Amino acid sequence: HLTSTTSQPNEPNKRIIDEFNLLVSRAEAEGNQWRIRAYKRAVKLISALDFKISSAADVAHVPGIGKSMREKIDEIIKTGQARKAHTVPEKFQPIDVFKKIYGVGPKVAEKFYAKGFRTLDDVRTKATLTRDQQLGLKYYDDFLERIPRTECNAISDLVVGVVKKLDPMITCQMMGSYLRGSESCGDADFIISHPDGNWHPDLLDQIVAELKACHFIIDSLSSTHFGDPASTTKVKPAGETTFRGVCKLPGGSGIARRLDLLVVPYNELGAATIYFTGNDYFNRCVRLYARKKGYSLSQHGLTMREGGQLVASKTEKEIFDVLGIPWRPPNERNF
Ligand code: DCP
Ligand code: MG
Ligand code: MN
C-alpha cells in the first residue's frame, strides 16, 4: 500500500526518506497530486531497500524511481537535504488553509491570495462566498476532524434504520473508506437503491426529510457537482439523485460531519458500487485498464468505447468478469 510513509529508526536510508517525506508535504501544499504520488511511491520503494544508497546509481535499476527522483537522492547525499523541501514559498501556507474550506478548490484559493487575503478571517470578512463556502467556513474545524470508526458504525445504524423504516426492501450501505475498513473516515458515504427496479423519484427527498426530522441532517450543501470525473456530460442522468449535506449524530461527539447520499437505479448498482467503494486511485486504475481493453467504465456501467452499448452494470462481479480482473474485497482496494 503506497499510502503509509513511516520509516524505521534503524533504516539505512533514513536521511533520504525523511527528506522525501518533506517533499511529499510540499507537494501536498502545492496540491500536485502527481508529485504527491511519485514521492510517496519513492518513499515506499526506498524504505524497502536493505542496503544503504551511496549514490543514485545504486537505484538506477529500481522501477518507479526515475531520473528526477535520482537527482533528488544525489542532492540529499551530497548536501544533506533536498533544497526544494526547505524553501517553501510564503503563499503555500495561506493557500493550504484556504483549500481546506469546503467548496474552495486550488483556483479559488489562489484567487483569495491574489486579492491579498492571508487568513480565514480575511476570507470571512472580505470575500464574496457561495453558500457552500459559507458552510465550509462555518464547519471549518469540524470538517477537518476525521470520523472514528465507532462513530461511523453509529451513523450507519441510524441511516440504515431510517431507510429500512421507510421500506425494508431498500438496500442502503455505507461506502467509501468505511467499506474499505478504514479506522477513521473523512465523511459518511451511502448508496441507496430499490430492488424492485422501478425508479422512485421522491425516495431521496423522503429519506432526507426523515433524517432532518430526527435532527441528524443539520445543513444541505449543493449537490449539482457530485463528482464523476469520467463523466463527459454535465447533465445529470435520469434515475440518479444525490444529496450532499452536513450531519451530527444526536448524543454523539457533537462534531458536524459531511454526508453523501447517492440513490442509484438497481440495474446500475454494480457500477455505482465500484465507484463509491473506491478508493479514487483504484477507480482510476480500473477505468484506465477498461479503456485499454476497448471499454469505458463510469459509475453507471461498463460500455463499449465505440458505439457506447452497455456491456455490464448490475453487479461488480459481472463488470470485473468482462474486464478479466479478479474481484477483490473492498479492504484490498486501498491503493
Ligand atoms: N471517488 C472517485 N473519484 C473522486 C472522488 C470520489 O472515484 N474524485 C469515489 C471513490 C471514493 C468514493 O467516491 O472512495 C467516496 O469519495 P470520498 O471523497 O468520500 O472518499 P473516501 O470515502 O474514499 O475517503 P474519505 O475517508 O476521505 O471520505
Ligand atoms: Mg468518504
Ligand atoms: Mn464522500
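Basis of the calculations
Residues numbered from 1 in each chain as written. Chains lettered and ligands numbered in written order. Predicted model: local features only at pLDDT ≥ 70, side-chain atom pairs only at ≥ 80, totals over all residues. UniProt positions renumbered as here; feature names shortened; annotations may be inferred. Helix = DSSP H or I, 4+ residues; strand = E, 2+ residues; numbered from the N terminus. pLDDT = per-residue confidence, 0-100. Contact = placed C-beta atoms within 7 Å. Pairing = 2+ DSSP bridges. Axes fitted to C-alpha atoms, helices over the stretch in contact; angles between N-to-C directions. Buried ≥ 20, exposed ≤ 12 C-beta atoms within 10 Å, placed from the backbone. Parallel < 35°, antiparallel > 145°, perpendicular 65-115°, else oblique. Nonpolar A, V, L, I, M, F, W, Y, C, P; charged D, E, K, R; others polar. Near = placed C-beta within 6 Å. Expected span 1.5 Å × (residues − 1). Arc of directions from axis to C-beta. Core = buried A, V, L, I, M, F, W, Y, C linked by C-beta atoms within 7 Å.

**Here's the deal with the UniProt feature "active site" (unreviewed entry) in the chain**
Move 1: Residues annotated in UniProt with the feature "active site" (unreviewed entry) correspond here to Lys72.
Move 2: Within the element layout of this structure, Lys72 appears in helix H3 (residues 67–79).

**What to know about the confidence of the model for the chain**
Where the model shows low pLDDT, its predicted coordinates should not be examined in detail.
Move 1: Confidence in the prediction for the chain averages 92 pLDDT; 92% of positions are at 70 or higher.
Move 2: Here residues 225–235 scores under 50 on pLDDT; set against residues more than four positions off or in separate chains, the count is seven contacts.
Move 3: Here the complex is predicted with pTM 0.81, and the ipTM for its interfaces comes to 0.99.

**With respect to the sheet that holds strand E2 (residues 171–174)**
Move 1: Taken together, five strands build an open sheet; the order of strands is E2-E4-E7-E6-E5 and the sheet is mixed. Every other strand in the sheet has two partners, leaving E2 and strand E5 (217–221) as the edge strands with one partner each. For this sheet, the mean angle separating the axes of adjacent strands, direction not counted, is 25°.
Move 2: Two elements, E5 and strand E6 (residues 241–247), share four bridges in a ladder whose sense is antiparallel. Pairing of Asp219 across the sheet is with Val246, part of E6.
Move 3: Contacting strand E4 (188–193), E5, E6 and strand E7 (257–263), helix H12 (residues 203–213) runs over the sheet at an angle of about 150° to E7.

**Regarding the pairing of E7**
Move 1: Most of E7 sits inside the fold, with six of its seven residues counted as buried.
Move 2: As paired strands, E4 and E7 are joined by five bridges and run parallel to one another. Bridge pairing in E7 places Asp189 opposite Asp260.
Move 3: Pairing of E6 with E7 involves seven bridges; the strand directions are antiparallel. Across the sheet, the residue bridging to Val246 is Arg258, located in E7.

**Quick look at the packing of helix H13 (residues 269–277) against helix H15 (residues 316–323)**
Move 1: Put simply, H13 and H15 touch, their axes get as near as 7 Å, and they point 80° apart. Accordingly, the angle class assigned to the pair H13 and H15 is roughly perpendicular. Residues Gly270, Ala271, Thr273 and Ile274 of H13 pack against Glu316, Glu318 and Ile319 of H15.
Move 2: Residue composition of the contact of H13 with H15, grouped by class: three nonpolar, two polar and two charged.

**Some thoughts on the site of ligand 1**
Move 1: The environment of ligand 1 is formed by 14 residues, the closest being Gly176, Ser177, Gly186, Gly278 and Asp280.
Move 2: Residue assignment for the shell around ligand 1 shows that the elements contributing at least two residues are helix H11 (176–179), H13 and helix H14 (280–292).
Move 3: Broken down by class, the residue content of the shell around ligand 1 amounts to four nonpolar, seven polar and three charged.

**Things to note about helix H2 (residues 33–47)**
Move 1: In this model H2 runs 21 Å from its N-terminal to its C-terminal C-alpha over 15 residues, within 8% of the 21 Å that 1.5 Å per residue would give.
Move 2: Looking at H2, one finds that the buried residues are Tyr39, Lys40, Ala42, Val43 and Ile46. One side of H2 holds all its buried residues, which, seen down the axis, span an arc of 155°. For H2, the exposed residues lying more than 90 degrees away from the buried face are Gln33 and Trp34.
Move 3: Tucked inside the fold, the buried residues of H2 contact helix H1 (14–30) and H3.

**As for the environment of Gly186**
Move 1: In this fold, Gly186 is placed in the loop between strand E3 (184–185) and E4.
Move 2: With sequence-adjacent residues up to four places away left out, Gly186 is seen in contact with Arg146 and Ser177.

**Some words on the nonpolar core**
Move 1: One finds Ala188, Phe190, Ile191, Ile192, Leu261, Leu262 and Ala272 to be the most contacted residues of the largest nonpolar core, which totals 44 residues.
Move 2: At six residues, H13 tops the list of elements feeding residues into this core.
Move 3: Residues contacting Ile191, with those up to four places away along its chain left out, are Gln173, Met175, Leu262, Val264, Ala272, Thr273 and Phe276.
Move 4: Core analysis: the next-biggest nonpolar cluster, separate from the first, contains 18 residues, Ile46, Val59, Ala82 and Ala85 among them.

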